Amino acid sequence: MTMKYMDEFRDAELGRALAGKILDAVEPGRHYKVMEVCGGHTHSIYKYGIDDLLPENVELVHGPGCPVCVIPMGRVDDGIAMATENDIVFTCFGDMMRVPGSEKTLTEAKADGADIRMVYSPLDALRLAKQNPDREVVFFAIGFETTAPSTALTLKRARAEGVTNFSCMCNHVTIVPPLRALLDSPDLRLDGFIGPGHVSTVVGARPFEFIPKDYGKPVVVAGFEPLDILHAIRMILGQLGEGRCEVENQYSRVVPYDGNPAALKVMSEVFELRPHFEWRGLGFISQSALRLSDAYAELDAEKRFGVPGVRVADPKACQCGEVLKGVIKPYECKVFGTACTPEHAIGTCMVSPEGACAAYYNYGRFAREKELV
Amino acid sequence: MTDGLIPSCDHTTGCITCGDEAVRMRVIRIDIERELALCATEDGAERSTVEIALVQPVSEGDHLLVHAGTAIAHAGSQVAA
């Protein structure tokens with residue numbers, strides 16, 4: 001069967017049929033909490049109103065899978081310090097520019113005169129370096145394993161092409177350690193996980209086997225179209241109903257169970273695990289982030305320019321940590337939609353469109369929840 | 001969501017570079033030596049240079065999942081029903 005991968009996975013009739021199957025699969029009186037790990041799923045759920053198709057006793061909880069949302073303030077400050085204290089071109093993805101540091105955002109630092117530019121890929125940053133051989137160009141790398149291979153390939157390319165004025169401030173994070181930290185959290189009660197789709201394209205579905213094995217929760221790796229997500233929820237409920245507990249791959253049309261070996265190889269060559277890294281709202285998690293390996297140390301911007309490395313506590317009013325852990329819904333945060341909006345974000349969950357708070361805000365969930373009260 | 005003067009991702013369609021989502025693109029031309037390909041989005045509205053080292057072999061007309069300028073998987077047109 002020929003698939004275009006778009007319309008077929010947005011078919012309303014099939015969606016309603018799947019919603020019916022979900023309704024058949026739930027036990028009356030039992031409350032189900034399912035976490036979608038990835039911010040991309042959160043975005044799709046609100047964009048397509050998927051939660052409206054679910055029975056009342058199936059609750060979706062938003063996970064920590066937005067790389068922008070989990071960047072701690074201290075790292076933003078480090079980036080701003082690097083950009084302002086050196087005569088460099090500092091590049092990053094668009095969302096990162098609006099993440100608040102302790103005093104300002106990268107956008108505000110740019111307005112104050114720092115040469116900070118938005119790029120769409122690390123390759124764009126390398127191109128800038130080649131176009132400006134007399135300037136140092138730094139790429140502020142963020143993202144899970146989906147994005148890390150892209151940075152790794154660009155660093156390899158920089159070296160192969162002899163581009164010496166290019167370096168990288170690495171903030172890449174890994175998906176398994178924060179999930180383990182979440183599962184160890186005493187205030188969390190979840191019945192299953194919708195596994196991240198495109199992270200799994202790189203790492204595969206296998207790394208999630210510890211969740212059923214060690215914690216007894218099912219995982220279904222899912223795609224991003226509405227039918228993918230509904231299908232994944234149906235599969236999780238199916239496992240729960242049948243007493244099974246395993247990793248299943250709903251997104252097998254794209255995700256190989258063992259991931260992309262070429263991507264894993266280039267990552268292991270260019271990166272190594274940091275002993276620990278601070279996550280916004282989750283605190284320090286050991287071996288949860290990547291830095292450049294010794295073999296690529298000369299391309300490490302932190303070594304080339306240095307950073308203050310000062311730890312900054314999250315704003316007191318901000319409850320991103322509880323949102324990231326799925327303990328509270330975004331609208332339950334004290335500053336949601338009032339002091340904290342996408343235009344003037346206090347917390348990172350409001351900055352990125354993948355962030356749970358921004359997804360709630362942008363798709364009118366706040367208004368709807370208020371009407372229900 | 002900003003005032004239009006500040007570069008930012010489009011908040012209505014999600015972030016193609018920062019999050020977990022990848023975009024499906026079609027290969028138009030390949031530079032085999034440099035392992036780069038010129039790719040276009042489904043609607044042809046956007047074109048960009050894409051790293052193809054992780055998904056070789058690639059042929060013109062193939063569909064790839066592209067994230068932050070790098071193809072991370074094939075998104076072929078044939079799948080089992």
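Remarks on the overall build of chain A
Inference 1: For chain A, the count of helices and strands is 15 helices and 13 strands.
Inference 2: Against the compact-globule benchmark of 21 Å for 373 residues, chain A has a radius of gyration of 21 Å, which places it among compact chains.
Inference 3: Taking the principal axes of its C-alpha atoms as reference, chain A extends roughly 65 × 45 × 40 Å.
Inference 4: Here the analysis covers contacts within chain A between residues at least 6 apart in sequence; of these, 76% occur between residues at least 24 apart.

Considerations on the overall build of chain B
Inference 1: Assigned secondary structure in chain B consists of 0 helices and 5 strands.
Inference 2: The order of α-helices and β-strands along chain B, N terminus first, is β-β-β-β-β.
Inference 3: The 81 residues of chain B split such that 41% are buried.
Inference 4: Across chain B, every contact between residues at least 6 apart in sequence was considered, and the portion connecting residues at least 24 apart equals 27%.

A few points about the sheet that holds strand 9 (residues 247-249) of chain A
Residues and elements named next belong to chain A.
Inference 1: Reading across the sheet, the 5 strands line up as 2-1-7-8-9 and stay open at both edges, with parallel pairing between neighbours. The open sheet has two free edges, formed respectively by strand 2 (58-65) and strand 9, since each of these has just one partner strand. Adjacent strand axes in the sheet meet at a mean angle of 20°, parallel and antiparallel pairs treated alike.
Inference 2: Looking at chain direction, strand 8 (residues 219-221) and strand 9 are connected through 3 bridges and run parallel.

A look at the domain arrangement of chain A
A common measure of how large an interface is: the accessible area buried when the components associate.
Residues and elements named next belong to chain A.
Inference 1: Each assigned domain of chain A is listed with its residue range as follows: domain 1 (27-66 + 176-249), domain 2 (73-173 + 259-305) and domain 3 (320-372).
Inference 2: For domain 1 and domain 2, the distance between their C-alpha centres works out to 30 Å.
Inference 3: Contacts between domain 1 and domain 2 engage 10 residues on the former and 13 residues on the latter.
Inference 4: When residues of the side of domain 1 that touches domain 2 are traced back to their parent elements, those giving at least two are helix 7 (176-184) and helix 8 (197-203).
Inference 5: With 5 residues, helix 8 is the largest single contributor of residues to the side of domain 1 that touches domain 2.
Inference 6: Of the residues in the side of domain 1 that touches domain 2, the class split is 7 nonpolar, 3 polar and no charged.

Looking at the pairing of strand 1 (residues 23-31) of chain B
Residues and elements named next belong to chain B.
Inference 1: Here strand 1 pairs with strand 4 (residues 63-67) via 4 bridges, running antiparallel. Counted as the bridge partner of Arg 24 is Leu 65 from strand 4.
Inference 2: Sheet topology places strand 1 next to strand 2 (residues 36-41); 6 bridges connect them, and they run antiparallel. Among the inter-strand pairings, Arg 26 is bridged to a residue of strand 2, identified as Ala 40.
Inference 3: The loop that links strand 1 with its antiparallel partner strand 2 comprises 4 residues; one of these, Glu 35, has a positive phi angle of about 55°.

So, the confidence of the model for chain B
Residue and element names in this part refer to chain B.
Inference 1: A residue-level look at chain B finds 68% of positions with pLDDT of 70 or above and a mean pLDDT of 75.
Inference 2: Here strand 4 stands out as the least confident element of chain B, with mean pLDDT 92; strand 2 is the most confident, with 95.
Inference 3: Within the model, pLDDT remains below 50 along residues 1-19, and this stretch shows 53 contacts once partners closer than five positions in the same chain are excluded.

Let's talk about the sheet that holds strand 6 (residues 166-172) of chain A
Residue and element names in this part refer to chain A.
Inference 1: One open sheet accounts for 4 strands, arranged 4-3-5-6; its pairing is parallel. Taken across any chain shown, the strands that pair with only one partner, and hence form the sheet edges, are strand 4 (116-118) and strand 6. Each strand axis lies, on average, 25° off the axis of its neighbour in the sheet, ignoring direction.
Inference 2: Relative to strand 6, strand 5 (residues 136-143) runs parallel, the two being bridged by 7 bridges. Paired with Val 137 across the bridge in strand 6 is Phe 166.
Inference 3: Strand contacts of helix 6 (residues 148-160): strand 5 and strand 6, with the helix running at about 160° to strand 6, the strand carrying the most contacts.

Focus on helix 10 (residues 226-242) of chain A
Inference 1: Counted at 1.5 Å a residue, the expected span for helix 10 of chain A with its 17 residues is 24 Å, and the 24 Å between its end C-alpha atoms agrees.
Inference 2: Summarising burial for helix 10 of chain A: 13 of the 17 residues are buried, a large majority.

Considering the environment of Leu299(A)
Residues and elements named next belong to chain A.
Inference 1: The residue Leu 299 is located in the loop between strand 13 (290-292) and helix 12 (301-305) in this model.
Inference 2: Separated by 143 residues in the primary sequence, Leu 299 and Lys 156 have C-alpha atoms spaced 9.8 Å apart.
Inference 3: Excluding residues that lie within four positions of it along the chain, Leu 299 makes contacts with Leu 155, Ala 158, Arg 159, Phe 166, Ser 167, Cys 168 and Leu 292.

A closer look at the nonpolar core
Inference 1: By size, the foremost hydrophobic cluster in this structure holds 139 residues, and its most contacted members are Phe90(A) and Leu64(B).
Inference 2: Every residue in contact with Leu64(B), bar those within four places of it in the chain, is listed here: Met25(B), Val27(B), Cys39(B), Val50(B), Val55(B), Ala71(B), His74(B) and Ala75(B).

Details of the packing of helix 5 (residues 122-131) of chain A against helix 6 of chain A
All names here are of chain A.
Inference 1: The interhelical angle for the contact between helix 5 and helix 6, taken along N-to-C directions, is 25°, at an axis separation of 9 Å. Between helix 5 and helix 6, the angle is such that the two are roughly parallel. In the crossing of helix 5 with helix 6, the sense of the turn from one axis to the other is right-handed. Between helix 5 and helix 6, the residues in contact are Pro 122, Leu 123 and Leu 126 and Ser 150, Thr 151, Thr 154, Arg 157 and Ala 158, respectively.

About the cut-offs
- Residues numbered from 1 in each chain as written.
- Chains lettered and ligands numbered in written order.
- Predicted model: local features only at pLDDT ≥ 70, side-chain atom pairs only at ≥ 80, totals over all residues.
- Helix = DSSP H or I, 4+ residues; strand = E, 2+ residues; numbered from the N terminus.
- Rg over C-alpha atoms; globule rule 2.2 N^0.38 Å.
- Contact = placed C-beta atoms within 7 Å.
- Buried ≥ 20, exposed ≤ 12 C-beta atoms within 10 Å, placed from the backbone.
- Pairing = 2+ DSSP bridges.
- Axes fitted to C-alpha atoms, helices over the stretch in contact; angles between N-to-C directions.
- Domains from an automatic or database assignment.
- Nonpolar A, V, L, I, M, F, W, Y, C, P; charged D, E, K, R; others polar.
- pLDDT = per-residue confidence, 0-100.
- Expected span 1.5 Å × (residues − 1).
- Core = buried A, V, L, I, M, F, W, Y, C linked by C-beta atoms within 7 Å.
- Parallel < 35°, antiparallel > 145°, perpendicular 65-115°, else oblique.
- Left-handed = near helix turned anticlockwise from the far one by under 90°.

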